[in-house]
Structure formats: C-alpha cells, structure tokens
Amino acid sequence: MPNNRAIIYARVSTEDQGTMYGLPSQRAACQKRAKEKGWVIVRELQDDVTGSDMFRPGLTELRRAVAAGEADVVLVNSVDRLSRNTVDVLTLMAELRGHAVVEFVAESFEDNPAGRLFLALRASIGAFEREQILQRTQAGRIAKAKSGKVPGGRAPFGYRIHDGRYVIQDDEAAVVRQIYDWSAAGVSQRDIARRLNEKGVKPYMADKWGKTSVCRIIGHEVYIGTAVYNARKRKKTILRPRPVDEHIEIPVPPIVSRALYEAVVIARATNHEILVGR
C-alpha cells in the first residue's frame, strides 16, 4: 500500500480573531499541499479551542488515528495550529513522528538536530505570541470595564447586554423579584424551582429550573446594581480571587431593593436548612 494517506488537522480559537487562521483557509492550504504531493486525504479534523490545551477532541482523535496506523502523513498549516505551548509542541511532534510524517504548509523543519532546534524556537515564538495576545485582550477588557461597559460574556438572568451595558429584561426581571419575594418568605430554593417550573417559566439557558439555577440568582449582587469585573484570575482551570484594589465596579440598573436583597441573604445565612431544602 502506498504511503500517501493524509490527515488534515486545523485549529482556531478566540486568540486568533482578526488573523488569517480561519478554518477554511487552513483546510484549503492543506488540501492544496496534499494535491501537490499526491497524498490522499482520508480525514479532516479540527478544534475550536485554545492552543494551550492538549485535551482537544480533534487533537485527541488525531493522536489516536496516527498511533493506530490510519495515516502516513499529518498535514497542519503551521506549528501554532498544533499548539501554542512549547513543551506540548515538542511532545506532540515526537509522538506523531514516531508513526507518520508531519508536514507544515507554512513552514518546514527537518527531522534532524538543526530542524528540531528551529522547531523549538518556532514553538517558543508561538507561546510568546499567545501571551502577548492574552495581555492585549485583557488590557482591552479592563479599559472597557473602567469605562462602565461590560467586557463580554453572557448577561445574568434578568438582563441582556446592549451597547456594552446591562439592560433589564422586563419579563425575566419580574421572575427575579418573585424569586426574592418567595425566598424572603422562607420558601426553599428547591420549592422555588418547583413553583417556577409549574408556572411554565423558562430559565435563560436551560430547559427547566433547579435548585442550583435558583441559587445563582439569590445573593447575586448584580440584582442590586453591583457588577464587579476582574475580581478573579484563572490559572488553568482554577479561579483565584484578586486583591480588592484590582476589582472594577460596573454600574447596573438594579432589579430588587437592597433591603430585600439583604433580608434574603441574612435569612439564608441564618436558616440555611430551610432555604436550601432537604
């Protein structure tokens, strides 16, 4: 059997917005190279996640397929499409090259000491570029928050984002007020969820209400007009609190009064078992 079976791997993420790294352009470049070399494309895999994460569905399948001998060539547009982490690039290259040829369309590295040196340098540049992109993105978000606008993300139930600011969604705001009224009256979160489901009230992004979704609303300071950005920092999958002087408050139109909010929070803290339900 001729050694011409090729798998294309492409990746894009929010880090690459505004660059030439769209999935269609990556696939087109790889398809062109395969045609030039006479390779037969047997699969095309892709991911839409950050390049610092090794646990991607497309990449995982690529590694499995190559290890299983299902391809002779791996086609990738450039090194940073494989990963933006230097150690991960070198690990993946050693693993993939043990079973197949790895071909980069936009650059080339021979499988010898000099080629591996240049590969390591290119991988380091990719990691550096990612850090620069993240720093610029975070600086932009902080500047937006300091101007009183929401940097991004999804609005809490009861709000929508319009022109960078939280605006009240009237029908959902009425539900939020009802939740607080029930909670202040001593109704447990589980019973609140049951009542909402019985009334046919739909949550923002789910099929039905549960104790957890009610808990997200009760005690959330956004409902009294306080939204805080930059309160936590992420290290991989762990969120850690930032110093208070780094917090940025964003003005939000309140949905419930501070008196009602405090009554609910205090009641929940002092009578947790009743509010949460058994």
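Up top you'll find the structure we're talking about.
Just so it is clear, the model here is predicted, and its values are computed rather than measured. (Residues numbered from 1 in each chain as written. Predicted model: local features only at pLDDT ≥ 70, side-chain atom pairs only at ≥ 80, totals over all residues. Heavy atoms only, no water.)

J.: What am I meant to see in the pattern of salt bridges here?
T.: Side-chain pairs of opposite charge can arise where the charged atoms are in close proximity. Across all of its chains, the model carries 16 salt bridges by this definition. With a closest N to O distance of 2.8 Å, Arg63 and Glu95 form a salt bridge. Here Arg63, found in helix 2 (residues 57–67), pairs with Glu95, found in helix 4 (residues 86–97); they are 32 residues apart in sequence, far enough to count as distant. A residue is classified by how much of its surface remains accessible, and Arg63, at 23% relative accessible area, is partly exposed. Measuring nitrogen to oxygen at the nearest pair gives 3.9 Å for the salt bridge that ties Arg258 to Glu262. Residue Arg258 and its partner Glu262 are located together in helix 9 (residues 258–270), separated by 4 residues, close to a single helical turn. On the basis of relative accessible area, Glu262 is assigned to the partly exposed category, the value being 37%. (Salt bridge = Lys/Arg side-chain N within 4 Å of Asp/Glu carboxyl O. Helix = DSSP H or I, 4+ residues; strand = E, 2+ residues; numbered from the N terminus. Buried < 20%, exposed > 50% of the residue type's maximum accessible area, 1.4 Å probe, protein only.)

J.: Please clarify how helix 6 (residues 170–184) should be interpreted in this entry.
T.: Each α-helix winds once per 3.6 residues, and so residues spaced three or four apart point in a common direction. Helix length check: helix 6, at 15 residues, gives a terminal C-alpha distance of 21 Å against a target of 21 Å (1.5 Å per residue), a fit within 8%. Those residues of helix 6 that sit buried are Glu172, Ala173, Val175, Val176, Ile179, Tyr180, Trp182 and Ser183. Gly186 sits one or two residues past helix 6 and shows a positive phi near 95°. (Expected span 1.5 Å × (residues − 1).)

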